[in-house]
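Residue-level structural notes
The chain contents come next:
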Amino acid sequence: MAKCPKCGKKLSIFDVSQFCPSCSVNMRFYNFEENFLREAKLAELSQAGLKVKLRNLRYSFSGSKLVTAKLIVMLLPLLSLLIPSGAFSVSAPLISLNEDFGILGIVNLVMGGSLNFLFEMMGSEFVGAGFSALVTALICYVVTVLCAVFCFVFSFLGFISIKNMQKLTTVTAALGIVMSVVSMIMCSSFVSKAEDIFLLSGKNGFGLIITIVMFAVVFCVNLMLWKKGIHPVYDEGVEERVRIYKEVKAGRINIDDLPQPVVVTEATKKIDEEIAKEEAKFFEAVKNKKAEE
């Protein structure tokens with residue numbers, strides 16, 4: 001329930017007047033000047049946070065040559081995974097598969113509903129080892145794909161945290177290199193075991209070698225960015241306003257104790273000078289008009 005801002009009297013739903021029924025103060029304009037100054041200070045401080053976010057967004061896409069290089073290479077691992085890293089085929093009485101070790105092959109398996117068959121055949125007494133090697137190779141490949149996806153996502157969303165997103169991308173690219181090597185080993189292991197199983201056959205490819213190189217490129221670029229950092233240049237007073245706003249939100253500084261403007265800069269000085277000039281012109285005009293009368 002609403003209260004009078006002066007005397008604190010609780011207002012009922014029938015108190016529709018702007019005047020308090022107890023103390024008769026105009027509640028709409030009570031402490032208008034103080035409230036106006038408070039809102040002006042909050043607007044000044046909150047806009048500084050928005051300016052920082054916009055500047056970070058700009059620098060995360062065009063801050064330096066390294067940032068540009070990061071954006072160029074961020075899709076390379078994902079694109080390299082379109083190149084097959086081998087192939088496998090399954091020839092069973094009720095099913096026949098012939099797919100690549102690649103993103104398109106994985107998609108075909110998922111869309112075609114053949115994954116359940118592969119998992120079921122892992123429990124076979126005679127061919128279970130071969131199918132286990134195939135499923136293991138596919139799982140490792142999927143993890144490699146996920147590393148490539150996360151490298152792209154972390155690179156693209158670098159503006160979220162100028163300091164931390166390069167670290168995440170670097171670590172993910174390193175993991176991608178490891179998983180690419182593991183996937184290549186698992187694919188070769190499957191091809192070797194498939195030679196002794198009449199239901200399976202496979203062959204090796206070179207796609208993962210390219211993927212390893214692409215992950216290494218992403219790793220190097222982001223590692224250099226991690227070490228050198230991205231250093232956005234903010235307008236005068238912006239960082240100080242952000243720091244003060246954090247203190248205000250934490251309750252360590254009272255907004256009413258701050259001056260207006262909160263932070264004096266060259267820009268605010270020019271505004272004050274313009275206001276003073278306009279006031280001087282106004283009072284001069286009033287003075288001249290009275291003299292004429």
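As the structure is a computational prediction, the values presented were derived from the model and not from experiment. Along each chain, residues carry numbers from 1 onward, in the same order as the chain's sequence is written. Local features in a predicted model are, by the rule used here, given only for residues with pLDDT of at least 70; side-chain atom pairs are given and counted only at 80 or more, and totals for whole chains, interfaces and linings are based on all residues. Just so you know, side-chain values use all the structure's heavy atoms and leave hydrogens and water out.

1. Side note on the overall build of the protein chain
Convention followed: Numbering of helices and strands runs from the N terminus; a helix is a DSSP stretch of H or I covering at least four residues, while a strand is a stretch of E covering at least two. With the radius of gyration taken over C-alpha atoms, the globule rule is written as 2.2 Å times the number of residues to the power 0.38. We call a residue buried when its accessible area falls under 20% of the maximum for its residue type, exposed when it is over 50%, and partly exposed in between, using a 1.4 Å probe and counting protein chains only. The contact definition used throughout considers only heavy atoms, calling two residues in contact when any of these lie within 4.5 Å. Accessibility throughout is a Shrake-Rupley quantity obtained with a 1.4 Å probe, and a residue counts as covered only by protein chains that appear here. When charges are counted, neither His nor the chain ends are considered; positive counts come from Lys and Arg and negative counts from Asp and Glu. Think of each charge as sitting on NZ of Lys, CZ of Arg, CG of Asp or CD of Glu.
A tally of helices and strands in the protein chain yields 10 helices and three strands. Mapped from its N terminus to its C terminus, the protein chain presents α and β elements in the order α-α-α-β-β-α-α-α-α-β-α-α-α. Compactness check: the protein chain gives a C-alpha radius of gyration of 34 Å against a globular reference of 19 Å for 293 residues, more than 25% above the reference. Within the protein chain, the fraction of its 293 residues that count as buried is 36%. Looking at the protein chain alone, contacts between residues at least 24 apart form 65% of all its contacts between residues at least 6 apart. In the structure as shown, the protein chain presents an accessible area of about 17,900 Å², 62% of it carried by carbon and sulfur atoms. Here the protein chain contributes 31 positively and 27 negatively charged side chains, and the mean placements of these two sets differ by 3 Å.

2. Quick look at the pattern of salt bridges
Put simply, the test is: Every case where a carboxyl oxygen of Asp or Glu lies within 4 Å of a side-chain nitrogen of Lys or Arg is listed as a salt bridge.
Applying the stated rule across the entire model yields five salt bridges. Note that Glu278 is salt-bridged to Lys281, the shortest N-O span being 4.0 Å. With Glu278 and Lys281 both in helix H10 (residues 266–292), this residue pair falls three residues apart, about one helical turn.

3. Section: the nonpolar core
Keep this limit in mind: Throughout this description, the term nonpolar core refers to a set of buried Ala, Val, Leu, Ile, Met, Phe, Trp, Tyr and Cys residues connected via side-chain atoms within 4.5 Å.
Of all hydrophobic cores here, the largest spans 39 residues; its most connected members are Leu118, Phe131, Leu134 and Phe190. If you list the elements that add at least two residues to this core, you get strand S1 (86–91), helix H4 (103–112), helix H5 (115–121), helix H6 (128–156), helix H7 (165–194) and helix H8 (207–228). With 12 residues, H6 is the largest single contributor of residues to this core. Beyond its immediate stretch of four places on either side in the chain, Leu118 contacts Val90, Leu97, Leu109, Phe131, Leu134, Val135 and Leu138. Counting residues in each nonpolar core, the second largest holds seven residues, with Leu45, Val248, Val262 and Val263 among its members.

4. Description of the confidence of the model for the protein chain
Caution applies to low-pLDDT regions: their predicted coordinates should not be interpreted in detail. We apply this condition: pLDDT expresses how confident the predictor is about each individual residue, on a scale running from 0 to 100.
Summarising the model, the protein chain shows a mean pLDDT of 83, and 96% of its residues fall at 70 or more. Averaged over each element, pLDDT in the protein chain is lowest for H5 (74) and highest for helix H3 (residues 76–80) (93).

5. Some details on unusual backbone geometry
Looking along the chain, the bond that leaves Gln260 and enters Pro261 is cis, with omega of 0°. Mapping Pro261 onto the fold places it in the loop between helix H9 (238–249) and H10.

6. Some points on helix H1 (residues 32–62)
Which entries qualify depends on this criterion: Helices are assigned an expected span. That span is 1.5 Å times one less than the residue count.
Helix length check: H1 (31 residues) gives 44 Å between terminal C-alpha atoms against 45 Å at 1.5 Å per residue, within 8%. For H1, the full list of buried residues reads Lys41, Glu44, Leu45, Ala48, Val52, Arg55, Asn56, Tyr59 and Ser60. Those residues of H1 hidden inside the fold are in contact with helix H2 (65–73) and H9.

7. Focus on a positive patch on the surface
We apply this condition: Each patch is assembled from residues with relative accessible area greater than 30% and no salt bridge, linking like charges that lie within 9 Å and nonpolar side chains (Val, Leu, Ile, Met, Phe, Trp, Tyr) that lie within 5 Å.
On the surface, Lys53, Lys163, Lys167, Lys246 and Lys249 cluster together into a patch of positive charge. Within the secondary structure, Lys167 sits in helix H7. Using a relative accessible area of 33% as the deciding quantity, one classes Lys167 as partly exposed.

8. A closer look at the pairing of S1
Counted only if it meets this: In this analysis, strands are considered paired if DSSP registers two or more bridges between them.
For S1, the tally of buried residues reaches five of six residues, placing the bulk of the element in the interior. Examined bridge by bridge, S1 and strand S3 (residues 200–204) share five bridges and lie antiparallel to one another. Each bridged residue has a counterpart across the sheet, and for Ser89 the counterpart in S3 is Ser201. Where S1 meets strand S2 (residues 96–100), five bridges bridge the pair, whose relative direction is antiparallel. Note on S2: the bridge partner recorded for Ser89 is Asn98.

9. Points about the packing of H4 against H6
What counts, and what does not: Lines fitted to C-alpha atoms define the axes here, with helix axes fitted over just the stretch in contact, and angles between the N-to-C directions of these axes take values from 0 to 180 degrees. A clockwise turn of the near helix away from the far one marks a right-handed crossing, whereas an anticlockwise turn of less than a right angle marks a left-handed crossing. In this count, Pro and Cys sit with the nonpolar residues alongside Ala, Val, Leu, Ile, Met, Phe, Trp and Tyr, while Asp, Glu, Lys and Arg are called charged and the others, Gly among them, polar.
Packing of H4 against H6 leaves a shortest axis separation of 11 Å and a crossing angle of 115°. Seen from above, H4 lies across H6 with left-handed handedness. On the side of H4, the interface is formed by Ile103, Ile106 and Leu109, while H6 contributes Leu138, Tyr141, Val142 and Val145. Taken together, the residues that form the contact of H4 with H6 break down as seven nonpolar, no polar and no charged.

10. Some details on the sheet that holds S2
Backbone-to-backbone hydrogen bonds join strands into a sheet, with any given pair of strands oriented parallel or antiparallel. Taking strand neighbours across the sheet as the criterion, the three strands line up as S2-S1-S3 in an open arrangement whose pairing is antiparallel. Each of the sheet's edge strands pairs with one partner strand only, and the pair in question is S2 and S3. Strand-to-strand twist across the sheet, computed as the mean angle between neighbouring axes with direction ignored, equals 5°. Its contacts with the sheet place H4 against S1 and S2, and it is angled at close to 150° to S2. Against the sheet, H7 touches S1 and S3, its axis set at about 135° to S3.

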